[in-house]
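In case you want the letters, here they are:
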Amino acid sequence: MTRCIRHAAVFSLLLLLALLANAARVQVLEASALENNPANRRAAIARYAEPRGDILVDGKPVTGSEDTGEQLRYERTYRDGPLYAPVTGYSSQTYDTSFVEHAQDPVLSGSDPLLAPFPLWGDLSRSRPSAGDVATTVKAAVQQAAYRGLAGRRGAVAAIEPSTGKILALVSSPSYDPQLLSGNGPEVSRAWARLNGADAQPMLNRAIRQTYPPGSAFKIVTAAAALESGVVDDVDAPTHTPEPFLLPGTRTPLPNATKGCEDASLAYAIQWSCNTVMANLGARVGLRNMVATARGFGFNDPGLGIPSGVTASNFDTDMSPDQLALSSIGQFNTTATPLQMAMVAAAVASGGDVRSPYLVERVTRANGDLLAQNGPRAYRQAMTPVTAQRLRELMVRAVEEGTGGNASIAGATVGGKTGTAQHGIDNSGLPYAWFIGWAQAYDAPRPAVALAVVVEDASAVREDISGGGSAAPVARAVMRAALWDS
Amino acid sequence: MTATTAGTSAPEPSPAPRPPKRRGVELSLLVGAVVICVHGYVAVGLARNGAVPPDAAGYGAGLGVLALLAHLAVRLRAPYADPLLLPIAVLLNGLGLVLIYRLDLETPLDRAAPAQLVWSTSGVALFIVAVIVLRDHRILQRYAYISVTAALALLCAPIFFPAVNGARIWIRMGQLSFQPGEFAKVLLAVFFAAYLAANRGALTHASRLIRRLQLPTGRVLGPIVAVWLVSVGVLVLERDLGTSLLFFGLFVVMLYVATGRIGWIAVGLLLASAGAYAVGSLEPHVHSRVEDWLDPYAGIESGEGPGQLAQSLFAFAAGGMLGTGLGLGHSVLIGFATKSDFILATAGEELGLVGLSAVFLLYGLLVARGLTAGLALRDPFGRLLAVGLSSIVALQVFVIAGGVTGLIPLTGMAMPFLAQGGSSVVTNWVIVALLIRLSHSARMPPPVPVEVGVHAPVTAVRP
């Protein structure tokens, strides 16, 4: 019997070893696979267990966290949600994150290894550091001026500081309150479906994710190309442009919206927005130089990020001469985001250099320790300083004596260019009203702001839609806020 | 197993060699066990509320007093008992209380720890009574047939009560409910031990003499077939795969130890697989358990969400090597039966592989100490009873731990001492009381020979 009891003991030992080996298999070998299983709620529970870090505008949080006491404990709250939605994006327990909430999620959710002062200890103790905060470059006053200026009309504003690339305002209208998407209940799904299905597309970030034909606002790019390539030496000299101007190789005449464009100078053409002159100049500059210049401003760059991805603006690289002529006045296949057009204005304002636009100024720990800081970074050179200086003067003239009169500000030098872009089949769609420009206070060493405003207002009477009429007043309010409220 | 021999000093002293009783060791181990449990209780409070639970001192004092009373009973009535058995039981029971208390925090409307505390106290009380009253384990041999009758009655009783969560293993009387299968297993172990001790010869003899064609006589075989029928019956009528498996395993182990015939294991396994196959394919409740085991993630893939086993595996994986810390895991995601069948998942998640292995080793030590008592005992009944009781613990731990970690199909069973469940805790205290008695008899020095100094032959005759 003794022998058999020993066998029973060995049998028990084998059972024990099987249990230990199996536990090691589950807890060590297969642990990471099981932890990453999408049906395992632990990652989500951990993610929402602590208050999320905040996004700051002017040093003050525009976000918050609410303790719901539920399994996914903290939900995102937003102060002035619709105003800042194109900046913050949303942070949803159901639909993930977008924009700064997405780009800075590791810091805001507390999972970024940078946040742990002693990484190895954090791994061992499995403790999660407090979430960090993200300070944006946005100026509340500028943002508010832009949002108020659009007043609910469909459109967008992008404003940047030309010398640094800081984004001062990023507004899309109509907007939505991202707080509607914060939680995980049925109301959230309903809000999501409603926002996505709405005709007005409130969740579309028109400032960086929507491209529009830039229309006459693009003439600044064409002018830069003409000056850089030597097609124009003297901005006040006649350009030998007939009126009517037939598109090269066709019998199609190109109309003008204003008078006096026949054989006008480049200066006059910018001031009064002559289509014929700019189309003619674009055709004479040639495809290669036009593409190179457009690229210098940032067109055709799918990699631009602020850090959220910016939809690439387009200037076709393969066109017939008549298409090139049309593209030179911002029609045909030329499209641009409002941010891209703000970069065009900024390039002129900052002497030809384009800085990478950026939205995140600083990333800090919860206690304020600096983790990362963004600064000005060179992006591209659009033109020489001489060209930029000549374009500055042309843009100032356009505001002081031309189509952009509605943008002028007392006490500041303002340069601008209006645009009214036609689109749709046979140009049947309602035109988009553009204004791009920059402003420099008389006592300031350099321009404080460059911006682009686009208004796509379906409710307006067609004749009223023009860069000078709809967009310039918005631009004026935004520039004024940028000049003196910061 | 070496510890038992470590105490015995060199075998030559001429005065009667008095083996050490080691009650002091037991006492200090008990203090350690209580300290560990109180520490766990405090850790839960600190992790969840940032404060020491207000009743931590009371919990510690209560556990301490229970342990002390049990220790006094052992010291007075079973002074030679194995000093590890009681501390292991106290540690496991205390740890179970901490885990249940911790899970209660997640389900404030369904608190189980107070009831478990009452049951644990009853268990310890019964332990003390058993240690004091049962002066010699051989008395139990006389009650073999009463035991088996009682066991069968208990097993059949739940058939007349409504099923709970698919299994018909509870008896409900007003507020109280208990699982008679828990008590039945001890009674069956007593019966098996008595029956096999009495019929060893016949069983060994019969199977040796008679070839394949002829079976042992009906008188000998009858009870064996009866047990097989009971096990399958429990499975069919009560959908309790765990208990059936336990009875089978228990019976096969004891039969083998009693007869030394490997053939009995073969017969047992054959009968078991026949029963399990039939029930597994016919009975949907059991069938689904097997399906779950084969693919724990099927529910996730089909969009129904993770099943209990998948959730349990998630919990173990989340614990990793060192665990999340008491109170900081999410094993409550398992849902139903977190505090009972799946209590081990909480241990695995919050104490990690290290803590889980420690728990397994505690059970292993308990089993080893029981088997050691069996080896040292001289009477066949005592030996078989010690083996049977140890096997109950070993098999039960394996079946439930293997089930919740995906090693074998899941069966609803209570982790001894750890899991929520009154009948289970009380029964396990009775098992430990019996093991204490058995180990006391095993380690007690033989009566002092009358003629001291005479070179007498060794008295022990090893079978």
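Computed from a prediction, not measured in an experiment: that's the story for all the values here.

**A short note on the overall build of chain B**
Check the secondary structure of chain B and you find 16 helices and two strands. Expressed as a percentage of its 463 residues, the buried residues of chain B come to 52%. Contacts in chain B between residues far apart in sequence, at least 24 positions, make up 74% of those at least 6 positions apart.

**Quick word on helix α9 (residues 186-197) of chain A**
Spacing of three or four residues puts side chains on the same side of an α-helix, whose turn is 3.6 residues. All names here are of chain A. Over its twelve residues, α9 runs 16 Å from end to end, which matches the ideal 16 Å to within 8%, given 1.5 Å per residue. Taken as a whole, α9 has its buried residues at Val188, Ala191 and Leu195. One face of α9 carries all of its buried residues, which in axial projection span an arc of 60 degrees. Exposed positions of α9 whose direction lies more than 90 degrees from the buried face are Pro186, Arg190, Arg194 and Gly197. Residues of α9 that are buried in the fold lie against β5 (91-92).

**Here we look at the sheet that holds strand β1 (residues 55-57) of chain A**
Residues and elements named next belong to chain A. Reading across from one edge, β2-β1-β7-β13-β14 is the order of the five strands in this open sheet, with mixed pairing throughout. Of all the strands in the sheet, just β2 (60-61) and β14 (370-373) have a single pairing partner and so form its edges. Relative to β14, strand β13 (residues 360-364) is paired through three bridges, and the arrangement is antiparallel. Within β14, the residue paired with threonine 364 across the bridge is leucine 370.

**Notes on a nonpolar patch on the surface**
All names here are of chain B. Together, Leu27, Val31, Val35, Val65, Leu68, Leu69 and Leu72 line one region of the surface with nonpolar side chains, adding up to about 570 Å² of accessible area. Mapped onto the nonpolar patch, the elements with two or more residues apiece are α2 (23-49) and α3 (56-77). Looking at the nonpolar patch, the element that brings in the most residues is α3, giving four residues.

**What to know about the pairing of strand β4 (residues 74-78) of chain A**
With five of five residues buried, β4(A) is to be regarded as a mostly interior element. If you look at the hairpin formed by strand β3 (residues 63-67) of chain A and β4(A), you'll find six residues sitting between the two strands, and Gly69(A) has a positive phi there, around 70 degrees.

**Quick notes on the packing of aromatic side chains**
Within this structure, the stated rule accounts for 14 aromatic pairs over all chains. Put simply, the rings of Tyr145(B), Phe191(B), Phe192(B), Tyr195(B) and Phe251(B) pair up and form one aromatic cluster.

**Comments concerning the state of the cysteines**
All names here are of chain A. Summed over all chains, the structure comprises one disulfide over all chains. Here cysteine 261 pairs with cysteine 274 through a disulfide, and the sulfurs are 2.0 Å apart. Taking the sign of the torsion about the S-S bond as the criterion, the disulfide between cysteine 261 and cysteine 274, at about -80 degrees, is left-handed. On the criterion of sequence distance, the pair formed by cysteine 261 in the loop between β11 (253-254) and α12 (266-272) and cysteine 274 in the loop between α12 and α13 (275-285) is long-range, its members being 13 residues apart. For the residue pair cysteine 261 and cysteine 274, the accessibility class agrees, reading buried in each case.

**Quick look at the interface of chain B and chain A**
Taken together, the contacts link 53 residues of chain B with 35 residues of chain A. Carbon and sulfur atoms supply 71% of the area that chain B and chain A bury against each other, a total of about 3,600 Å² over both sides. Inspection of the chain B/chain A interface yields one salt bridge. Of the charged contacts, one joins Glu349(B) and Arg42(A) as a salt bridge, the two residues approaching to 2.9 Å between their closest N and O atoms. For the side of chain B that touches chain A, the elements supplying multiple residues, two or more each, are α9 (241-259), α13 (308-319), α14 (343-376) and α15 (380-404) of chain B. A total of 13 residues in the side of chain B that touches chain A trace back to one element, the largest contributor, which is α14(B).

**Comments concerning the pairing of β13(A)**
Residue and element names in this part refer to chain A. Burial runs high along β13: four of the five residues are buried. With four bridges joining them, strand β7 (residues 133-136) and β13 adopt antiparallel strand pairing. For aspartate 133, the partnering residue across the bridge sits in β13 and is threonine 364. Hairpin remark: β13 followed by β14, antiparallel, with five residues in the connecting loop; positive phi at glycine 368, about 100 degrees.

**Details of the environment of Val42(B)**
By the secondary structure assignment, Val42(B) is in helix α2. Among all residues touching Val42(B), those that are not within four sequence positions of it are Val52(B), Pro53(B) and Ala56(B).

**What about the confidence of the model for chain B?**
All names here are of chain B. Looking at chain B, pLDDT values average 84 and 85% of them are 70 or higher. Model confidence for chain B, summarised as mean pLDDT per element, is weakest for helix α1 (residues 2-7) at 44 and strongest for α14 at 96. Across residues 1-9, where pLDDT falls below 50, the model places nine contacts with residues more than four positions away in sequence or in other chains. Scoring of the predicted complex yields 0.77 for pTM and 0.89 for ipTM.

**Description of the nonpolar core**
With 141 residues, the main nonpolar core has Phe127(B), Val257(B), Leu344(B), Leu389(B), Met415(B), Leu418(B) and Ile436(B) as its most contacted residues. Beyond its immediate chain neighbours, meaning those up to four positions away, Leu389(B) contacts Val186(B), Ala189(B), Ile431(B), Leu434(B), Leu435(B) and Leu438(B). Formed by 92 residues, the second largest nonpolar core is a distinct cluster that contains Ile167(A), Ile208(A), Leu266(A) and Leu391(A).

**Quick look at the sheet that holds strand β8 (residues 155-160) of chain A**
All names here are of chain A. Ordered in space as β9-β8-β18-β17-β16, the five strands form an open sheet in which the pairing is antiparallel. Of all strands in the sheet, those bounded by a partner on one side alone are β9 (167-173) and β16 (412-421). Ignoring which end each strand starts from, the neighbouring axes of this sheet average 10 degrees apart. Strands β8, β9 and β18 (449-455) of the sheet are contacted by helix α8 (residues 140-150), whose axis makes an angle of about 25 degrees with β9.

**Looking at the pattern of salt bridges**
Residue and element names in this part refer to chain A. Scanning the entire structure with this criterion turns up 22 salt bridges over all chains. In this structure, the salt-bridge partner of arginine 76 is glutamate 101, at a minimum N-O distance of 2.8 Å. Taken together, the residues arginine 76 in strand β4 and glutamate 101 in helix α5 (residues 99-103) connect sequence positions 25 residues apart. Taking relative accessible area as the criterion, arginine 76 reaches 3% and is therefore assigned buried. Owing to a relative accessible area of 0%, glutamate 101 belongs among the buried residues under this scheme. A salt bridge links aspartate 236 to arginine 397, with the nearest nitrogen and oxygen atoms 3.4 Å apart.

**Overview of unusual backbone geometry**
Residue and element names in this part refer to chain A. The omega torsion across serine 173 and proline 174 is -5 degrees, close enough to zero to call that bond cis. Following the sequence through the fold, proline 174 ends up in the loop between β9 and α9. In this model, isoleucine 306 is joined to proline 307 through a cis peptide bond whose omega is 10 degrees. Relative to the helices and strands, proline 307 is located in the loop between α14 (287-297) and α15 (321-327). Positive phi outside glycine occurs at aspartate 96, with the angle close to 65 degrees. Its identity as a non-glycine residue notwithstanding, glutamine 201 has a phi of 50 degrees, on the positive side. When you line up the elements, glutamine 201 lands in the loop between α9 and α10 (206-209).

**Let's talk about the side chain of Arg437(B)**
Secondary-structure assignment places Arg437(B) in helix α16 (residues 422-443). As a buried residue without a salt bridge, Arg437(B) has its nearest oppositely charged side chain in Asp136(B), at a separation of 6.9 Å.

**Focus on α2(B)**
Residues and elements named next belong to chain B. The first and last C-alpha atoms of α2 sit 39 Å apart over 27 residues, in line with the 39 Å expected at 1.5 Å per residue. Among the residues making up α2, those that are buried are Arg23, Glu26, Leu30, Ala33, Val34, Cys37, Gly40, Tyr41, Val42, Val44 and Gly45. Here the buried face of α2 lies against α3 and α4 (85-104). Looking one or two residues past α2, glycine 50 carries a phi angle of roughly 70 degrees, positive in sign.

Calculation rules
Residues numbered from 1 in each chain as written. Chains lettered and ligands numbered in written order. Predicted model: local features only at pLDDT ≥ 70, side-chain atom pairs only at ≥ 80, totals over all residues. Heavy atoms only, no water. Helix = DSSP H or I, 4+ residues; strand = E, 2+ residues; numbered from the N terminus. Buried < 20%, exposed > 50% of the residue type's maximum accessible area, 1.4 Å probe, protein only. Contact = heavy atoms within 4.5 Å. Expected span 1.5 Å × (residues − 1). Arc of directions from axis to C-beta. Pairing = 2+ DSSP bridges. Patch = residues over 30% accessible without salt bridge, like charges linked within 9 Å, V, L, I, M, F, W, Y side chains within 5 Å. Areas by Shrake-Rupley, 256 points an atom, 1.4 Å probe, with all protein chains shown as cover. Salt bridge = Lys/Arg side-chain N within 4 Å of Asp/Glu carboxyl O. Phe/Tyr/Trp six-rings, centres within 6.5 Å; stacked < 30°, edge-to-face > 60°. Disulfide = S-S within 2.5 Å. Buried area = accessible area lost by both parts, 1.4 Å probe. pLDDT = per-residue confidence, 0-100. Core = buried A, V, L, I, M, F, W, Y, C linked by side-chain atoms within 4.5 Å. Axes fitted to C-alpha atoms, helices over the stretch in contact; angles between N-to-C directions. Lys, Arg positive; Asp, Glu negative; His and termini not counted.

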